[in-house]
Amino acid sequence: MKRFFIKTFGCQMNVNDSEKMAGMLKDLGYEKAESPEEADVIIVNTCSVRAKPDNKAYSFIGNLKKLKKEKPSTIIAIAGCVPQKEKEHLLRFEHVDLIFGTFNFVKLPELLEKAKEGRTTEILEEKIPEEDHLPLIDSYLENPYVAYVTVQRGCNRFCTYCIVPFTRGRERSVKPELVLEEIKRLAERGVKEVHLLGQNVDFYRYKNTDLADLLYMVAEIKGIERIRFTTSHPAGFTEKIARAMKEIEKVCPYVHLPPQSGSNRILKLMNRGYTREEYIQKVEMLREYVPDVALSGDFIVGFPGETVKDFEETLSLVERCTYDQAFVFEYSPRPLTKAYQMEDNVPKEEKNRRLQILQELIKKQAEKKNLKRLNKVEEVLVEGKSQWGDKLTGRTRDNKVVNFTGNENLIGKIVKVKITKTTPFFLEGQHHEGDKNENRN
Ligand code: SAH
Ligand code: SF4
Ligand code: F3S
């Protein structure tokens, strides 16, 4: 029995690429290994969006040296965003057999064969031409009920701090027919919830089909009960999308709409393409259509030149918009980007201070929002057993994690759960039997 082990860093897009690579390996007869030591093929799918994941990937790769020495037949491969921009740095790892990038991961079977013959490096620099869109590959599903579906790759926006346009190339949307075919196949395998992925998924466009049109099409697929999409770019989020969210029951009321900053001066330096006022307007428009929508965001603190006043503008944007959840990052200079030329002049301690303050504010907002759920009955897609204790775990329609007591035969079903406790980060509850017919399968 041949086995594979994939270690994934980075965004959902990378997770989905890993699931596809695992799918290809499964088709080749490989089984999943529980640890790198047990594996015949190890793939490290890397991320370079900030120094932290980048460093983590490097140290993970470094640590495989011993394993390779003890078991030289193991094939060690590096994939993803790091080789795409700095393959030279990776070549110094002599224990690595295969290096490839984000454009050619679909060639994994062929690349593996080559790597068995000798060290192989293949990084494609150009975007894949339109007709070369990725073939349909069935993902290996960690969670049999919830699946990612990448509908758009790359990014054209060149925010000044961001490496993604350099590691993923130009924006291109996957043909709707292919998206629908992939989701149909997932539904046949028992998947109930799909997440449509794109770096700026609301800019999805294939000929005349935009994201809203795609949502209506996906909603027609039998077996799919819930549809989510991420990430939405504030400049791309249209009224048509908000209307589709309101009209399509299956589309969940959750939007990840990262503002990054609340200061117009910083937004301009970041090249985000919208003002704080425009962002707030978008959120208000969205809430007019979907009043109960859960809002999530990303923020960068300590961008070059960010003053205390700029940061306070971010705090006031957060006060104004109120979030259910958000990720706050300290600015991390990335080579190749425009901001790399700017002086990284907010001291580390100050970045961290701002991060703490912002996280605390968002935590309070989330806590308040979650508290409103107490004693309410929520619809939960049960994903499996919770990591802690003997509870089940799942998510509400608006993407909140619920750990609750209930019978294991509920796994994979959409059930009602009565919320008995709330925290800023998750909810707790009990299976609410109620009218049995209420529970959809
Ligand atoms: N396409 C998405 C985000 C992709 S990257 C968007 O435009 O919203 C995910 C998040 O990483 C970003 O939203 C940003 O908050 C953060 N990020 C990207 N580059 C960064 C950098 N150089 N330093 C700190 N955070 C960064
Ligand atoms: Fe990066 Fe900006 Fe593109 Fe998002 S929109 S991936 S932050 S360049
Ligand atoms: Fe990281 Fe690449 Fe995603 S840099 S965030 S894995 S697109």
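Residues numbered from 1 in each chain as written. Chains lettered and ligands numbered in written order. Predicted model: local features only at pLDDT ≥ 70, side-chain atom pairs only at ≥ 80, totals over all residues. Heavy atoms only, no water.

1. A word on the site of ligand 2
Spelled out, the test is: Here a residue is considered near a molecule or strand provided that any single heavy atom belonging to it is located within 4 Å of it. Classification used: nonpolar for Ala, Val, Leu, Ile, Met, Phe, Trp, Tyr, Cys and Pro, charged for Asp, Glu, Lys and Arg, polar for all others including Gly.
Around ligand 2, the neighbouring residues are Cys155, Arg157, Phe158, Cys159, Tyr161, Cys162, Val164, Pro165, Gln199, Asn200, His233 and Arg272. Looking at the shell around ligand 2 residue by residue, the class counts come to seven nonpolar, three polar and two charged.

2. Comments concerning the UniProt feature "binding site: [4Fe-4S] cluster 1" (unreviewed entry) in the protein
Condition: UniProt positions are given in the numbering used here, feature names are shortened, and annotations may be inferred rather than shown by experiment. Only DSSP runs of H or I with at least four residues qualify as helices, and only runs of E with at least two residues qualify as strands; both kinds are numbered from the N terminus onward. Each residue is placed in one exposure class: buried if its accessible area under a 1.4 Å probe, protein chains only, is under 20% of its type's maximum, exposed if it is over 50%, and partly exposed if it falls in between. Residue contacts follow a heavy-atom distance rule, with two residues in contact if any of their heavy atoms lie within 4.5 Å.
UniProt feature "binding site: [4Fe-4S] cluster 1" (unreviewed entry): in the numbering of this structure it lies at Cys11, Cys47 and Cys81. A maximum C-alpha distance of 10.5 Å among these annotated residues, which run over 71 residues, shows that they cluster at one spot. With respect to the helices and strands, the residue Cys11 is situated in the loop between strand E1 (2–8) and helix H1 (12–27). Since its relative accessible area comes to 33%, Cys11 is described here as partly exposed. With respect to the helices and strands, the residue Cys47 is situated in the loop between strand E3 (41–46) and helix H2 (51–70). Those residues in contact with Cys47 that lie beyond four places of it in its chain are Phe9, Gly10, Asn14, Pro53, Asp54, Cys81 and Val82.

3. Section: a nonpolar patch on the surface
Keep this limit in mind: Patches here are clusters of residues that have more than 30% relative accessible area and form no salt bridge, with a 9 Å joining cutoff for like charges and a 5 Å cutoff for nonpolar side chains (Val, Leu, Ile, Met, Phe, Trp, Tyr). Accessible surface is estimated by sampling points in the Shrake-Rupley manner with a 1.4 Å probe; for residues, cover comes only from the protein chains shown. Salt bridges are defined by distance alone: a side-chain nitrogen of Lys or Arg within 4 Å of a carboxyl oxygen of Asp or Glu.
A contiguous nonpolar surface patch, about 260 Å² in accessible area, is contributed by Phe158, Phe166 and Leu336. Inspection of the secondary structure assignment puts Phe158 in the loop between strand E8 (152–153) and helix H5 (164–168).

4. Concerning the pairing of strand E13 (residues 226–230)
Note the cut-off: Only strands that DSSP links by at least two bridges are regarded as paired with each other.
By the criterion of burial, E13 is predominantly enclosed, with five of the five residues buried. Because side chains alternate across E13, one face comprises the buried residues Arg226, Arg228 and Thr230, and the other comprises Ile227 and Phe229, equally buried. One ladder, built from five bridges, connects strand E10 (residues 193–197) with E13; its direction is parallel. Its bridge partner being in E13, Glu193 is matched across the sheet by Arg226.

5. Structural notes on the nonpolar core
In plain terms, the rule: Put simply, a nonpolar core is a bunch of buried Ala, Val, Leu, Ile, Met, Phe, Trp, Tyr and Cys residues held in one set by side-chain atoms that sit within 4.5 Å of each other.
Val194, Leu196, Phe229 and Phe237 are the most contacted members of the largest nonpolar core, which has 60 residues in total. Residues in contact with Val194, not counting those within four places in the same chain, are Ala147, Val149, Ile183, Leu186, Val218, Ile224, Arg226, Ile227 and Arg228.

6. With respect to the sheet that holds strand E21 (residues 427–431)
Heads up, the condition is: Orientation is described by axes fitted as lines to C-alpha atoms, over the contacting stretch for helices, and by angles from 0 to 180 degrees between their N-to-C directions.
Taken together, five strands build a closed barrel; the order of strands is E17-E18-E19-E21-E20 and the barrel is mixed. Averaged over all adjacent pairs, the angle separating strand axes in this sheet is 50°, with direction ignored.

7. As for the pattern of salt bridges
What the rule picks out here adds up to 31 salt bridges. Ionic pairing is found between Glu142 and Lys32, a salt bridge with its closest N-O pair at 3.0 Å. With Glu142 in the loop between strand E6 (120–122) and strand E7 (146–150) and Lys32 in strand E2 (residues 30–32), this residue pair connects regions lying 110 residues apart in the sequence. Note that Asp344 and Lys351 form a salt bridge whose closest N and O atoms lie 2.9 Å from each other. A network of salt bridges, in which partner residues are shared, links Asp54, Lys85, Glu86 and Arg334.

8. Side note on the sheet that holds strand E14 (residues 254–256)
The pairing of strands in a sheet happens through backbone hydrogen bonds and is either parallel or antiparallel. The strand order E14-E15-E16 describes an open sheet built from three strands, whose pairing is parallel. In this open sheet, the two strands that pair with only one neighbour each are E14 and strand E16 (325–330). Sheet twist, expressed as the mean angle between neighbouring strand axes with direction ignored, is 10°. Sheet topology note: the E14/strand E15 (residues 294–301) ladder contains three bridges and is parallel.

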